[in-house]
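Letter by letter, the chains look like this.
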Amino acid sequence: MARTELSLIFFLLLLSSYPHSFSALDRFDARAETFSFSSTLVSTIRSTLDEIEKVLSILSSIPGPIFGDDRRVSSAIQDCVDLLSLSSDELDWTLSSSSPATTTTQSAGATRKLSLGTGHQHYDLRSWLSAALGNQDTCAESFDGTDGIVKNLVVGSLGTVTSLIYQVLSQIPDVQAGGENSGGISRKLLDLSGFPTWMGPADRRLLQAPASSLKPDAVVAADGSGGYTTVGAAVEAVPLQSTKRFVIYVKRGVYKENVEIKKKKWNVVLVGDGMGATIVSGSRNFVDGWTTFRSATLAVAGKGFIARDLTIENTAGPSKHQAVALRSDSDLSAYFRVETAGYQDTLYAHSLRQFYRECRISGTVDFIFGNAAAVIQSSTIIARRPLPAQKNSVTAQGRKYADQNTGFSIHGCNITVEGAEASASAANGTAATAPTYLGRPWKEFSRTVVMHSYLGSGIRPEGWLEWSGNFALNTLYYGEYMNYGPCSGLGGRVKWPGFHAITSPAVANKFSVAMFIDGNQWLPETGVRYTAGLSL
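Since the model is a prediction, treat every value here as computed from it, not as a measurement.

Rules and cut-offs
- Residues numbered from 1 in each chain as written.
- Predicted model: local features only at pLDDT ≥ 70, side-chain atom pairs only at ≥ 80, totals over all residues.
- Heavy atoms only, no water.
- Helix = DSSP H or I, 4+ residues; strand = E, 2+ residues; numbered from the N terminus.
- Buried < 20%, exposed > 50% of the residue type's maximum accessible area, 1.4 Å probe, protein only.
- Contact = heavy atoms within 4.5 Å.
- Areas by Shrake-Rupley, 256 points an atom, 1.4 Å probe, with all protein chains shown as cover.
- Polar contact = N/O pair within 3.5 Å; in protein donor to acceptor, adjacent residues only side chain to side chain.
- Salt bridge = Lys/Arg side-chain N within 4 Å of Asp/Glu carboxyl O.
- Disulfide = S-S within 2.5 Å.
- UniProt positions renumbered as here; feature names shortened; annotations may be inferred.
- Pairing = 2+ DSSP bridges.
- Axes fitted to C-alpha atoms, helices over the stretch in contact; angles between N-to-C directions.

## Overview of the overall build of the protein chain
Thinking step 1. The number of helices and strands found in the protein chain is 10 helices and 24 strands.
Thinking step 2. Among the 536 residues that make up the protein chain, the fraction classed as buried is 60%.
Thinking step 3. Sequence separation of 24 or more characterises 72% of the internal contacts of the protein chain that already satisfy a separation of 6 or more.
Thinking step 4. Here the protein chain displays about 20200 Å² of accessible surface, and carbon together with sulfur accounts for 52% of that area.

## So, the side chain of serine 453
Thinking step 1. Checked against the element boundaries, serine 453 lands in the loop between strand S21 (447-451) and strand S22 (454-455).
Thinking step 2. Polar contacts involving the side chain of serine 453 include one to the main-chain carbonyl oxygen of methionine 451, which spans 3.0 Å.
Thinking step 3. Setting aside residues up to four positions removed in sequence, serine 453 forms contacts with Ile410, His411, Gly412, Cys413, Met482, Asn483 and Tyr484.

## Brief notes about the environment of glycine 479
Thinking step 1. If you trace the backbone, glycine 479 turns up in strand S23 (residues 477-481).
Thinking step 2. Residue glycine 479 is classed as buried on the basis of its relative accessible area, which comes to 0%.
Thinking step 3. It is 5.8 Å that separates the C-alpha atoms of glycine 479 and alanine 501, two residues lying 22 residues apart in sequence.
Thinking step 4. Sequence-distant contacts of glycine 479, that is, excluding residues within four places in its chain, are made with Thr448, Val449, Val450, Trp464, His500 and Ile502.

## Brief notes about the pattern of salt bridges
Thinking step 1. Within the structure shown, the criterion is met by 18 salt bridges.
Thinking step 2. Two residues, arginine 440 and aspartate 366, come together in a salt bridge whose shortest N-O distance is 2.8 Å. Residue arginine 440 is found in the loop between strand S20 (436-439) and S21, and its partner aspartate 366 is found in the loop between strand S13 (360-363) and strand S14 (368-370); the two are separated by 74 residues along the sequence. Just as arginine 440 is buried, aspartate 366 falls in that class too.
Thinking step 3. Glutamate 480 is the salt-bridge partner of arginine 493, the closest N and O atoms lying 2.7 Å from each other. Of this pair, arginine 493 sits in the loop between S23 and strand S24 (499-501) while glutamate 480 sits in strand S23, placing them 13 residues apart in sequence. Taken individually, arginine 493 and glutamate 480 each receive the classification buried, so the pair is uniform in this respect.
Thinking step 4. By sharing partners, the salt bridges in this structure join Asp79, Asp82, Glu260 and Arg294 into a single network.

## Topic: the state of the cysteines
Thinking step 1. Tallied over the full model, the rule gives one disulfide.
Thinking step 2. Between cysteine 80 and cysteine 139 runs a disulfide, and the two sulfur atoms are separated by 1.9 Å. In this structure, the disulfide formed by cysteine 80 and cysteine 139 twists by about 95° around the S-S bond and is classed as right-handed. A residue pair is termed long-range when its members are at least 10 positions apart, and cysteine 80 in helix H3 (residues 71-96) and cysteine 139 in helix H4 (residues 121-141) qualify at 59 residues.
Thinking step 3. Of the residues examined, cysteine 139 reaches a relative accessible area of 0% and is grouped as buried.
Thinking step 4. In this structure cysteine 359 is a free cysteine whose sulfur lies 9.0 Å from that of cysteine 413, the closest cysteine sulfur available.

## Some points on the UniProt feature "active site" (unreviewed entry) in the protein chain
Thinking step 1. The positions UniProt marks with the feature "active site" (unreviewed entry) are Asp366.
Thinking step 2. Once you skip the residues sitting within four places of it in the chain, aspartate 366 turns out to touch Asp345, Ser393, Val394, Thr395, Ala396, Arg440 and Trp467.

## So, unusual backbone geometry
Thinking step 1. At glutamine 241, a position not held by glycine, the phi torsion is positive, near 50°.
Thinking step 2. Within the secondary structure layout, glutamine 241 lies in the loop between helix H7 (231-236) and strand S2 (246-250).
Thinking step 3. Residue glutamine 241 is classed as partly exposed on the basis of its relative accessible area, which comes to 43%.

## Things to note about the sheet that holds strand S9 (residues 326-328)
Thinking step 1. The strand order across the open sheet built from seven strands is S4-S7-S9-S11-S14-S17-S20, with neighbouring strands paired in parallel fashion. The outermost strands of the open sheet, each flanked by one partner alone, are strand S4 (259-261) and S20. Averaged over all pairs of adjacent strands, the angle between their axes in this sheet comes to 15°, without regard to strand direction.
Thinking step 2. As paired strands, S14 and strand S17 (residues 392-397) are joined by three bridges and run parallel to one another. Within S17, the position partnered with phenylalanine 369 by the bridge is alanine 396.

## Concerning the environment of serine 38
Thinking step 1. If you trace the backbone, serine 38 turns up in the loop between helix H1 (5-16) and helix H2 (39-61).
Thinking step 2. Considered as a pair, serine 38 and serine 98 are 60 residues apart in the sequence and their alpha carbons are 9.2 Å apart.
Thinking step 3. Within the structure, serine 38 has its side chain in polar contact with the backbone nitrogen of leucine 41 (distance 3.1 Å).

## Regarding the pairing of S21
Thinking step 1. The element S21 is largely enclosed, with a buried count of five among its five residues.
Thinking step 2. Side chains Arg447, Val449 and Met451 project from S21 onto one buried face, and the interleaved Thr448 and Val450 project onto a second face that is buried too.
Thinking step 3. Relative to S21, strand S18 (residues 407-411) is paired through four bridges, and the arrangement is parallel. From the neighbouring strand, serine 409 faces S21, where its bridge partner is valine 449.
Thinking step 4. Direction of pairing for S21 relative to S23: parallel, over a ladder of five bridges. By the bridge assignment for S23, valine 450 is matched with glutamate 480.

Spelled out as structure tokens, the structure:
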């Protein structure tokens with residue numbers, strides 16, 4: 001890998017020349033439903049945006065030849081460009097919400113634009129800033145496995161951005177209903193058909209109607225019978241920052257490609273012919289030089305994404321280690337009857353608000369991970385057989401700061417271990433399955449709750465696994481509520497301070513769809529009847 005010492009010194013001097021100024025912030029009135037931004041707050045956000053632009057400028061100007069054929073370094077640089085660009089957008093949305101003129105309202109029969117989130121300032125701001133806070137850490141982590149030279153140049157400059165964003169987030173009052181420490185009134189989100197009420201009638205038709213009855217904007221068919229032969233080509237046709245749904249119908253078939261729905265591709269809808277029928281398949285992985293972030297078969301950053309009736313897989317296999325099938329940074333996104341199949345790191349719920357319903361998720365090590373505010377409901381979760389001596393962990397939630405409104409809520413799901421039922425019932429001494437746990441703490445304030453779910457054979461009595469010694473055991477929040485099945489007993493569970501055997505419905509309800517991701521605030525009322533947050 002060809003590098004020159006002079007070039008590296010030049011970049012180091014550029015990076016070290018940034019001004020690092022911090023502005024004091026005025027506090028908001030937590031009692032106010034809406035509030036005006038102080039001039040100090042606006043100035044601080046703009047200073048943060050300036051810092052991001054400086055880092056982006058340096059990253060974009062690094063000559064490729066310095067790295068030769070080092071795919072991981074090049075991928076890590078691209079990861080950082082994308083992630084800092086997302087942080088910039090999330091801060092822009094924050095500034096936009098400070099002006100009453102930018103807040104849209106719902107008129108009779110109109111479809112609300114998703115361009116500025118839900119319009120509920122507290123919830124939107126905490127979601128956007130929580131995501132922006134985590135992006136810099138992911139950027140730094142992308143350099144894992146490199147020689148560290150470029151990482152040392154870049155990571156030091158991310159501290160200023162992270163510190164400024166944290167200052168802003170810490171000033172937003174925590175009035176969100178979700179979380180273990182905050183109160184709130186129980187609200188309802190699912191209508192009688194089981195769909196989120198924040199989806200308008202047209203959106204629910206997209207999820208309910210047969211694919212053949214839809215009038216898609218683009219049709220993808222591997223056999224040439226549609227307008228496109230690849231999903232990626234259809235995505236390229238999506239208009240930028242559209243407030244109208246753009247429906248892509250992907251016909252039955254296997255599409256071997258890596259698809260990226262970039263941040264300006266809003267309101268994309270992918271509709272297939274069913275799980276196992278429409279398959280988007282990739283095999284990028286860490287061992288072959290890709291960063292975890294860049295390994296995704298399908299990566300979605302555009303707001304308001306919806307997918308239904310398809311499979312997204314990463315076929316790299318367990319020996320290739322980190323290999324993502326689906327990565328989502330899409331705010332207000334929904335996945336219905338979507339299968340994500342892989343081994344290590346299958347589903348990367350990276351950031352922002354996400355909802356999964358009647359999905360199928362399979363993998364081995366940390367196969368549901370990231371730092372989104374995500375609810376997985378009425379879905380099937382399967383731990384597969386890992387490499388010898390490996391342990392399965394269903395989740396590895398990455399909440400690093402207590403102020404982030406993120407976490408995973410697994411509600412009404414079926415969690416099983418591949419082959420465990422047969423092994424348990426075999427009379428001939430069938431080999432035991434790999435030790436399987438509900439989760440382990442990737443970051444200090446990791447938060448995951450499992451409730452009303454079936455816990456099948458093969459899940460360890462301890463339930464949860466350490467990440468490294470005593471790391472995060474006091475600060476994490478892991479909870480279980482009214483689960484059932486052969487491995488649902490709490491008698492042998494870990495005794496960590498951060499583990500909670502939840503007995504109160506009021507506490508459990510804070511992790512329902514309505515409370516945890518504030519779904520009924522995502523779109524104004526539609527007049528559809530709702531079920532209670534914990535009722536399935």
